[in-house]
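So the chains spell out like this:
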Amino acid sequence: MPQTIAIVGMPSCMGGNRYGCEQGPRALRHALFPLLDKKSIPFEDYGNVTEPCVCGLKSSKAKCLAEIASLHNQATKFFQDNEIFKKSHFPILLGGDHSVNYPFIREAARHKKIGLIWFDAHGDFNTPDISPSGNIHGMVLAALAGHGLTHSFGDDKAIINEANICIVGTRDVDPDESELLKKTNVHVFSMKEIKKRGLKAVLEDAIAAAGQGTKGIHLSFDMDVFDPTIAPHVSTPVPGGLLKKDIKTIAHCFKNQNLTSLDAVEINPSKNMDENETAELAARLLLALIEN
Ligand SMILES: [Mn+2]
């Protein structure tokens, strides 16, 4: 039986310092659903896990922590009640800022041991002690790896083994964050390395590391991994990212790989309501991986 794509949205921007990416799920549905329909790909939209309240973003070392932890709990219940991760599903999460995918990946990892490939311009490997901003979307990968906010999110250990985590596309990592990453077994593939070795060679290494001893791989796409010339509507754009042609390489590299689930986050359509090009890019990327 072919898998049904199970779509869930998490329209929250509490993990970042800008409003707007709470509109990401709507923009992505608008771009993705016509493509799925056109290809007759079966999908079910389970709707959104919504923010419990609006957080005031008061200055702190981990802004909106209580509210984000509460949203995570709500999301976990939603995924379980709707059996989002049952075998006949291929789950896709639409964000939201990057902090929304913590409970999604935790739930995926509860079903089987997985590796994680995190496409991002940033490291997302800060902790409350070292983060320059206090924005939790920059701490979520560290939390998944067992550092920083893991306990605050209700977990006593790492969700994913460090050696099975790869970050791809970095070009803006904070100094202390970089030091912390060096002390771990997380694999970091910067844009500099991608430009030198080629995306295909880098992704083959990432797949080997994420797949080592695991039963599947989750891919997380922070849309700021792409160059702002093709993905301008993201919360924190950084020049020098992946290009349109790279979607083909990504799809090619993940063909016949055991992907368990996907997420696409940080689309901020409020930056330009007349254009939906960043969501359209994300939709083409998701479709290329689904069609594989
Ligand atoms: Mn990110």
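Not measured: the values here are computed from a predicted model.

## Details of the overall build of the protein chain
Argument step 1. The helix and strand inventory of the protein chain stands at 9 helices and 8 strands.
Argument step 2. Projected onto the principal axes, the alpha-carbon positions of the protein chain cover approximately 50 × 45 × 40 Å.
Argument step 3. When burial is assessed residue by residue, the protein chain has 57% of its 292 residues classed as buried.
Argument step 4. Counting only contacts in the protein chain whose residues sit at least 6 apart along the sequence, the fraction spanning at least 24 positions is 75%.

## Let's talk about helix H7 (residues 199–211)
Every α-helix winds through 3.6 residues per turn, so residues three or four apart in the chain are directed the same way.
Argument step 1. For H7, built from 13 residues, the straight-helix expectation of 18 Å at 1.5 Å per residue is met to within 8% by its first-to-last C-alpha distance of 18 Å.
Argument step 2. All buried positions along H7 are accounted for by Leu-199, Val-202, Leu-203, Ala-206, Ile-207, Ala-209 and Ala-210. Relative to the axis of H7, the buried residues are bounded by an arc of 165° and lie together on one face.
Argument step 3. Structurally, H7 contributes buried residues whose contacts are with strand E4 (115–119), strand E5 (165–170), strand E6 (187–190), helix H6 (191–197), strand E7 (217–222) and helix H8 (246–253).
Argument step 4. Looking one or two residues beyond H7, the residue adopting positive phi is Gly-213, at roughly 75°.

## Observations concerning the environment of Leu-203
Argument step 1. For Leu-203, the position within the fold is in helix H7.
Argument step 2. Once the C-alpha coordinates of Leu-203 and Ile-117 are considered, the two residues, 86 residues apart in sequence, prove to be 9.2 Å apart.
Argument step 3. Beyond its immediate sequence surroundings of up to four residues, Leu-203 is in contact with Phe-119, Val-168, Thr-249, Ile-250, Cys-253 and Phe-254.

## Here's the deal with the side chain of Asn-164
Argument step 1. Looking at the element boundaries, Asn-164 is found in the loop between helix H4 (140–144) and E5.
Argument step 2. Separated by 3.0 Å, the side chain of Asn-164 and the backbone oxygen of Ala-209 make a polar contact.
Argument step 3. With residues near it in sequence (within four places) discarded, Asn-164 still touches Lys-113, Ile-114, Gly-115, Leu-116, Ala-209, Ala-210, Gln-212 and Thr-214.

## As for the coordination of the manganese ion
Argument step 1. Around the manganese ion, the protein contributes the donor atoms His-98 (ND1), Asp-120 (OD), Asp-124 (OD) and Asp-222 (OD), at 2.0 to 2.3 Å from the metal centre.
Argument step 2. Mapped onto the polypeptide sequence, the residues donating to the manganese ion form the spacing pattern H-x21-D-x3-D-x97-D. Of this pair, Asp-124 sits in the loop between E4 and H4 while Asp-222 sits in strand E7; the two residues are 98 residues apart in sequence, bridging distant segments of the chain. The two residues Asp-124 and Asp-222 agree in class, both being buried.

## A short note on the packing of helix H1 (residues 24–38) against helix H9 (residues 277–291)
Argument step 1. Interhelical geometry of H1 versus H9 gives an angle of 40° and a closest axis separation of 8 Å. Accordingly, the angle class assigned to the pair H1 and H9 is oblique. In this structure, the crossing between H1 and H9 has a hand that is right-handed. Of the residues in H9, those touching H1 at Ala-27, Leu-28, Ala-31, Leu-32, Leu-35 and Leu-36 are Ala-279, Glu-280, Ala-282, Ala-283, Arg-284, Leu-286, Leu-287 and Ile-290.
Argument step 2. The residue makeup of the contact of H1 with H9, split by class, is 12 nonpolar, no polar and 2 charged.

## Topic: the pattern of salt bridges
Argument step 1. For the structure shown, the criterion picks out 10 salt bridges.
Argument step 2. A salt bridge links Arg-29 to Asp-45; the nearest nitrogen and oxygen atoms lie 2.7 Å apart. Linking Arg-29 in helix H1 with Asp-45 in strand E2 (residues 43–48), this pair joins segments that are 16 residues apart in sequence.
Argument step 3. Looking at Asp-45, the relative accessible area reads 33%, which means it is partly exposed.
Argument step 4. Arg-197 serves as the salt-bridge partner of Asp-205, at 2.7 Å between the closest nitrogen and oxygen.
Argument step 5. Sharing partners across several salt bridges, the network here consists of Glu-193, Arg-197 and Asp-205.

## Quick word on the nonpolar core
Argument step 1. Ranked by internal contacts, the top residues of the largest apolar core, which has 55 residues, are Ile-117, Phe-119, Leu-219, Phe-226, Ile-250 and Phe-254.
Argument step 2. Per element, the largest residue contribution to this core is 10 residues, and it comes from H9.
Argument step 3. When residues no more than four places from it in sequence are discounted, the contact partners of Ile-250 are Phe-119, Leu-199, Leu-203, Phe-221, Leu-242, Leu-285 and Leu-289.
Argument step 4. Ala-69, Phe-79, Val-100 and Leu-180 belong to the second largest nonpolar core, which has 44 residues in total.

Parameters at a glance
- Residues numbered from 1 in each chain as written.
- Predicted model: local features only at pLDDT ≥ 70, side-chain atom pairs only at ≥ 80, totals over all residues.
- Heavy atoms only, no water.
- Helix = DSSP H or I, 4+ residues; strand = E, 2+ residues; numbered from the N terminus.
- Buried < 20%, exposed > 50% of the residue type's maximum accessible area, 1.4 Å probe, protein only.
- Contact = heavy atoms within 4.5 Å.
- Expected span 1.5 Å × (residues − 1).
- Arc of directions from axis to C-beta.
- Polar contact = N/O pair within 3.5 Å; in protein donor to acceptor, adjacent residues only side chain to side chain.
- Donors = N, O, S within 2.8 Å, 3.2 Å for Na, K, Ca; no water.
- Axes fitted to C-alpha atoms, helices over the stretch in contact; angles between N-to-C directions.
- Parallel < 35°, antiparallel > 145°, perpendicular 65-115°, else oblique.
- Left-handed = near helix turned anticlockwise from the far one by under 90°.
- Nonpolar A, V, L, I, M, F, W, Y, C, P; charged D, E, K, R; others polar.
- Salt bridge = Lys/Arg side-chain N within 4 Å of Asp/Glu carboxyl O.
- Core = buried A, V, L, I, M, F, W, Y, C linked by side-chain atoms within 4.5 Å.

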